[in-house]
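Single-letter residue listing:
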Amino acid sequence: MWRKHKSANETDKTTILKEINELNDKIDTIQAHKNACNRIIVRCEEFKGDYKKEIEYKEKANELIKEAKQKKVKNG
């Protein structure tokens, strides 16, 4: 577009410049959306990891509770 702008006459330059500015605004908006999506993906991966750790902790706690109950029954 800039090449087109450079070689155009004055009336066309104004029109081309408006198009360039509109495209720049659209590009900026799309780039902002892309960055937001990337941040969301990263956060989802973090939540996924945290969720897996939480499940592991609960399973380990349940195992320890079962072991404690079994020891209590054997000693009881």
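If you're wondering where the values come from, they're calculated on a predicted model, not measured in any experiment.

The rules behind the values
The residue numbering used here restarts from 1 in each chain and proceeds along that chain's sequence as written. Reporting in this predicted model follows two pLDDT cut-offs: at least 70 for local features of residues, and 80 or more for side-chain atom pairs to be given and counted; totals over whole chains, interfaces and linings ignore these cut-offs and use all residues. The side-chain values count all of the structure's non-hydrogen atoms but skip hydrogen atoms and water molecules. The way it works is that DSSP assigns letters per residue, a run of H or I at least four long becomes a helix, a run of E at least two long becomes a strand, and they are numbered from the N terminus. Note that the radius of gyration is over C-alpha atoms, with the globule rule given as 2.2 Å times the number of residues to the power 0.38. Burial classes follow relative accessibility: with a 1.4 Å probe on protein chains only, a residue under 20% of its type's maximum area counts as buried, one over 50% as exposed, and anything between as partly exposed. Lys and Arg are tallied as positive, Asp and Glu as negative. Neither His nor the chain termini are counted. For this purpose, a charge sits on NZ of Lys, CZ of Arg, CG of Asp or CD of Glu. Patch construction takes residues with relative accessible area above 30% that form no salt bridge. Like charges are linked within 9 Å, and nonpolar side chains (Val, Leu, Ile, Met, Phe, Trp, Tyr) are linked within 5 Å. Accessible areas in this description were obtained via Shrake-Rupley with a 1.4 Å probe; residue shielding takes into account the shown protein chains only. Take a side-chain nitrogen of Lys or Arg and a carboxyl oxygen of Asp or Glu: if they are within 4 Å of each other, that pair is a salt bridge. Every residue pair with non-hydrogen atoms within 4.5 Å of one another is taken to be in contact.

1. Some points on the overall build of the protein chain
Across its full length, the protein chain carries two helices and zero strands. The C-alpha atoms of the protein chain give a radius of gyration of 31 Å, which is well past the 11 Å a tight globule of 76 residues would have. In terms of principal-axis extent, the alpha carbons of the protein chain reach across some 100 × 15 × 5 Å. Buried positions account for 5% of the 76 residues belonging to the protein chain. Placing the 19 positive and 14 negative side-chain charges of the protein chain at their respective mean positions leaves the two points 7 Å apart.

2. Some points on the environment of Ile55
Tracing the chain through its elements places Ile55 in helix H2 (residues 10–75). By relative accessible area, Ile55 is classed as partly exposed at 30%. A sequence separation of 51 residues divides Ile55 from Lys4, and the C-alpha atoms of the two residues are 60 Å apart.

3. Describing a nonpolar patch on the surface
A cluster of nonpolar side chains, namely Met1, Leu23 and Ile27, defines an oily patch on the protein surface of about 270 Å² accessible area. Take Leu23: it is sitting in helix H2.

4. Topic: a negative patch on the surface
Together, Glu19, Glu22, Asp25 and Asp28 make up a negatively charged patch on the protein surface. In this fold, Asp25 is placed in helix H2.

5. Brief notes about the side chain of His5
Relative to the helices and strands, His5 is located in helix H1 (residues 2–7). Residue classification places His5 among the buried positions, given a relative accessible area of 16%. Aside from chain neighbours lying at most four places away, what touches His5 is Lys13, Ile16, Leu17 and Ile20.

6. A few points about the environment of Lys48
As for its position among the elements, Lys48 is in helix H2. Residue classification places Lys48 among the partly exposed positions, given a relative accessible area of 45%.

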